[in-house]
Amino acid sequence: MARTAHGQQTQWIFDRTTYAFLGERTVLAEAGDAGPAGTVVGTSAVLAKAAVDRAGELPPERPGG
C-alpha cells in the first residue's frame, strides 16, 4: 500500500500472512535535488510491540532489552 505526494511515495509494509504492520519507507517518485527517482530517503520499522492494562502504564522490561 502506498501514497504519493510532493514527489515522494510513502510505502507501508505489511506481513503477507498476518497483515501485521511491519514498517514504512519513503522513496522519491521523481528525480530532484535529493536524487534520482527510486532513491530511498527514509525508513522505519516496528521492532517491538506490547500491551498494557491502562493508558500511561509501561510494559515490563524484556530480558536483555
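You'll find the structure just up there.
As a starting point, this report considers the structure included with it.

How each quantity is defined
- Residues numbered from 1 in each chain as written.
- Predicted model: local features only at pLDDT ≥ 70, side-chain atom pairs only at ≥ 80, totals over all residues.
- Heavy atoms only, no water.
- Helix = DSSP H or I, 4+ residues; strand = E, 2+ residues; numbered from the N terminus.
- Rg over C-alpha atoms; globule rule 2.2 N^0.38 Å.
- Buried < 20%, exposed > 50% of the residue type's maximum accessible area, 1.4 Å probe, protein only.
- Contact = heavy atoms within 4.5 Å.
- Areas by Shrake-Rupley, 256 points an atom, 1.4 Å probe, with all protein chains shown as cover.
- Lys, Arg positive; Asp, Glu negative; His and termini not counted.
- Charge placed at Lys NZ, Arg CZ, Asp CG, Glu CD.
- Pairing = 2+ DSSP bridges.
- Axes fitted to C-alpha atoms, helices over the stretch in contact; angles between N-to-C directions.
- Patch = residues over 30% accessible without salt bridge, like charges linked within 9 Å, V, L, I, M, F, W, Y side chains within 5 Å.
- Salt bridge = Lys/Arg side-chain N within 4 Å of Asp/Glu carboxyl O.
- Phe/Tyr/Trp six-rings, centres within 6.5 Å; stacked < 30°, edge-to-face > 60°.

## Some words on the overall build of the protein chain
Move 1: Looking only at helices and strands, the protein chain has 0 helices and 4 strands in total.
Move 2: Along the chain direction, N to C, the helices and strands of the protein chain fall in the order β-β-β-β.
Move 3: Here the C-alpha atoms of the protein chain give a radius of gyration of 17 Å, more than 25% beyond the 11 Å that 2.2 N^0.38 yields for 65 residues.
Move 4: Counting only C-alpha atoms and orienting by the principal axes, one finds that the protein chain spans roughly 45 × 25 × 25 Å.
Move 5: Evaluated residue by residue, the protein chain yields a buried proportion of 12% over its 65 residues.
Move 6: Pairs at least 24 residues apart make up 6% of the contacts formed inside the protein chain by residues separated by at least 6 positions.
Move 7: Here the protein chain displays about 5500 Å² of accessible surface, and carbon together with sulfur accounts for 53% of that area.
Move 8: Counting 6 positive and 7 negative side-chain charges, the protein chain places the averaged centre of each group 6 Å from the other.

## Re the sheet that holds strand β2 (residues 8-14)
Move 1: Across the sheet, 4 strands lie side by side as β1-β2-β3-β4; this open sheet has antiparallel pairing. A strand with exactly one partner marks an edge of an open sheet, and here the two such strands are β1 (2-5) and β4 (40-45). On average, each strand axis in the sheet is tilted by 15° relative to the strand beside it, whichever way the strands run.
Move 2: Summarising the sheet, strand β3 (residues 21-28) and β4 pair through 5 bridges and their orientation is antiparallel. Pairing of Thr 26 across the sheet is with Gly 42, part of β4.

## Remarks on a nonpolar patch on the surface
Move 1: On the surface, Met 1, Phe 14, Phe 21 and Val 46 cluster together into a nonpolar patch covering about 390 Å² of accessible area.
Move 2: Assignment of secondary structure puts Phe 21 in strand β3.
Move 3: Owing to a relative accessible area of 34%, Phe 21 belongs among the partly exposed residues under this scheme.

## Structural notes on the packing of aromatic side chains
The relative placement of two aromatic rings is captured by the distance of their centres and the angle of their planes.
Move 1: Enumeration over the complete set of coordinates arrives at 1 aromatic pair.
Move 2: Between Phe 14 and Phe 21, the aromatic rings sit 5.7 Å apart at their centres with planes inclined by 65°, giving edge-to-face as the arrangement.

## Let's talk about unusual backbone geometry
Move 1: At His 6, a residue that is not glycine, the phi angle is positive and equals roughly 55°.
Move 2: Note that His 6 resides in the loop between β1 and β2.

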